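Observations on the three-dimensional arrangement
Residues per chain are reported as follows:
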Amino acid sequence: KQEVTQIPAALSVPEGENLVLNCSFTDSAIYNLQWFRQDPGKGLTSLLLIQSSQREQTSGRLNASLDKSSGRSTLYIAASQPGDSATYLCAVSPMEYGNKLVFGAGTILRVKS
Amino acid sequence: DAGITQSPRYKITETGRQVTLMCHQTWSHSYMFWYRQDLGHGLRLIYYSAAADITDKGEVPDGYVVSRSKTENFPLTLESATRSQTSVYFCASSESNFRIDSPLHFGNGTRLTVT
């Protein structure tokens, strides 16, 4: 059974710092991996999707990498801002059942001004 | 506005009552999903649908019923609500299945409390 783990569970950084969020998964047989952002009281917003054949994806200050063989992904946020404060979740699409996503518990990020 | 609309945003009901959570999307996405989010369990899939009249169970389907007579609507019914079903419920949709480059789009959720 696919399991997704996110470390750290919470992170507090000063504004302007570059930071890395980690995601690991137990089964490398995946179609893709997605990173989401969730603001309090809101739904999830898809940030980046990396196909299993890709190594990384970039959107603005966000860069997500994927090392499928080792079961790891990182989300790099450059020059963090208070508006980046949110919960970040990663999710994988296992080949075992391609119509479902398995989510990690998330990392709560607080960027202090 | 395009997107996913969930209603109601908040609902309080009593144990044993039937309650229906509504979900409407304007993109004509084929796939729709219901998740529940709980502290300590994260997001768990309840049911999903690949198209109108096609539904399938997710990880935690017991006590829930879904239907999808129209592509744009995917209601979730709790047949006889229990306190363990107190949760935040999210509806989501995607254009195609996850084998393809198809991100998942979420509604803002329904916070359900069963007393």
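Preceding this section is the structure that the text describes.
By convention here, each chain's residues receive numbers from 1 onward along its written sequence. Here every chain gets a letter starting at A, and every ligand a number starting at 1, in the order they are written. Local features in a predicted model are, by the rule used here, given only for residues with pLDDT of at least 70; side-chain atom pairs are given and counted only at 80 or more, and totals for whole chains, interfaces and linings are based on all residues. Just so you know, side-chain values use all the structure's heavy atoms and leave hydrogens and water out.

Looking at the overall build of chain B
Secondary structure summary: chain B contains zero helices and eleven strands in total. Under the scheme used here, helices are H or I runs from DSSP no shorter than 4 residues and strands are E runs no shorter than 2 residues, and both carry numbers assigned from the N terminus. The order of helices and strands in chain B, counted from the N terminus, is β-β-β-β-β-β-β-β-β-β-β. The C-alpha radius of gyration of chain B comes to 13 Å, within 12% of the 13 Å expected for a compact globule of 115 residues. Dimensions of chain B, computed from the C-alpha atoms along their principal axes, are close to 40 × 25 × 25 Å. By the convention used here, residues are in contact when the closest approach between their heavy atoms is within 4.5 Å. Contacts in chain B between residues far apart in sequence, at least 24 positions, make up 55% of those at least 6 positions apart. Each accessible area is a Shrake-Rupley estimate made with a 1.4 Å probe; only the visible protein chains count as cover when residues are assessed. Here chain B has roughly 5,700 Å² of accessible surface; of this, 46% comes from carbon and sulfur atoms. Throughout, radius of gyration means the C-alpha value; the globule benchmark is 2.2 Å times the number of residues raised to the power 0.38.

Looking at the state of the cysteines
Residue and element names in this part refer to chain B. Note that a disulfide, as used here, is simply two cysteine sulfur atoms within 2.5 Å. This structure, assessed with the given rule, holds two disulfides over all chains. One disulfide in the model links Cys 23 with Cys 91; its S-S distance is 1.9 Å. Across the disulfide from Cys 23 to Cys 91, rotation about the S-S bond amounts to roughly -75 degrees, and the bridge is consequently left-handed. Highlighted residues: Cys 23 in strand S3 (residues 19-25) and Cys 91 in strand S9 (residues 87-94), separated in sequence by 68 residues. Of the two residues, Cys 23 and Cys 91, both sit in the buried class. Buried, partly exposed and exposed residues are distinguished by accessible area as a fraction of the type maximum, computed with a 1.4 Å probe on protein chains only: under 20%, between the cut-offs, and over 50%, respectively.

Looking at the environment of Thr 74 of chain A
All names here are of chain A. Note that Thr 74 resides in strand S8 (residues 72-77). As for Thr 74 and Arg 37, which are separated by 37 residues in sequence, their C-alpha atoms are 14 Å apart. Filtering out sequence-adjacent residues up to four positions away, Thr 74 remains in contact with Val 20, Leu 21, Asn 22, Trp 35, Asn 63, Ala 64 and Ser 65. Definition of a polar contact: a pair of N or O atoms within 3.5 Å, with one able to donate and the other able to accept a hydrogen when the atoms are protein atoms, and with sequence-neighbouring residues admitted only if both atoms are side-chain atoms. Side-chain polar atoms of Thr 74 contact the side chain of Ser 65, separated by 2.6 Å.

Comments concerning the interface of chain A and chain B
Listed as interface residues are 20 residues of chain A and, on the opposing side, 23 residues of chain B. Buried surface area refers to the total accessible area, computed with a probe of radius 1.4 Å, that the two partners give up upon joining, counted for both partners together. The contact between chain A and chain B buries some 1,800 Å² in all, and 53% of this surface belongs to carbon and sulfur atoms. Whenever Lys or Arg places a side-chain nitrogen within 4 Å of a carboxyl oxygen from Asp or Glu, that contact is recorded as a salt bridge. On inspection of chain A and its partner chain B, the count reaches zero salt bridges. Where chain A packs against chain B, one counts three residue pairs in polar contact (both at pLDDT 80 or more). Elements represented by at least two residues in the side of chain A that touches chain B include exactly strand S4 (30-38), strand S5 (44-51) and strand S9 (86-94) of chain A. The dominant element in the side of chain A that touches chain B, judged by the number of residues it contributes, is S4 of chain A, at five residues. Gly counts as polar in this scheme, as do all residues outside two lists: the nonpolar Ala, Val, Leu, Ile, Met, Phe, Trp, Tyr, Cys and Pro, and the charged Asp, Glu, Lys and Arg. A per-class count over the side of chain A that touches chain B returns seven nonpolar, ten polar and three charged.

Thoughts on the nonpolar core
In plain words, nonpolar cores are sets of buried Ala, Val, Leu, Ile, Met, Phe, Trp, Tyr and Cys residues tied together by side-chain atoms within 4.5 Å. Core analysis: the largest hydrophobic core is formed by 23 residues, its most contacted members being Leu 33, Trp 35 and Leu 75 of chain A. Those elements that provide at least two residues to this core are strand S3 (19-25), S4, S5, strand S7 (62-67), S8, S9 and strand S11 (107-112) of chain A. The contact partners of Leu 75 of chain A, leaving out residues within four places of it in the chain, are Leu 19, Val 20, Leu 21, Trp 35, Leu 47, Leu 48, Leu 62, Asn 63, Ala 64 and Tyr 88 of chain A. Judged by nonpolar contacts, the second largest core, of 18 residues, contains Ile 46, Leu 76, Leu 78 and Tyr 89 of chain B.

Things to note about the side chain of Ser 94 of chain B
Residue and element names in this part refer to chain B. Within the secondary structure, Ser 94 sits in strand S9. Relative accessible area serves as the criterion here: at 0%, Ser 94 is assigned to the buried category. Ignoring any residue separated from it by four or fewer positions in sequence, one finds Ser 94 in contact with His 29, Ser 30, Tyr 31, Phe 33, Ser 102, Pro 103 and Leu 104.

Geometric values such as these leave the question of function open.
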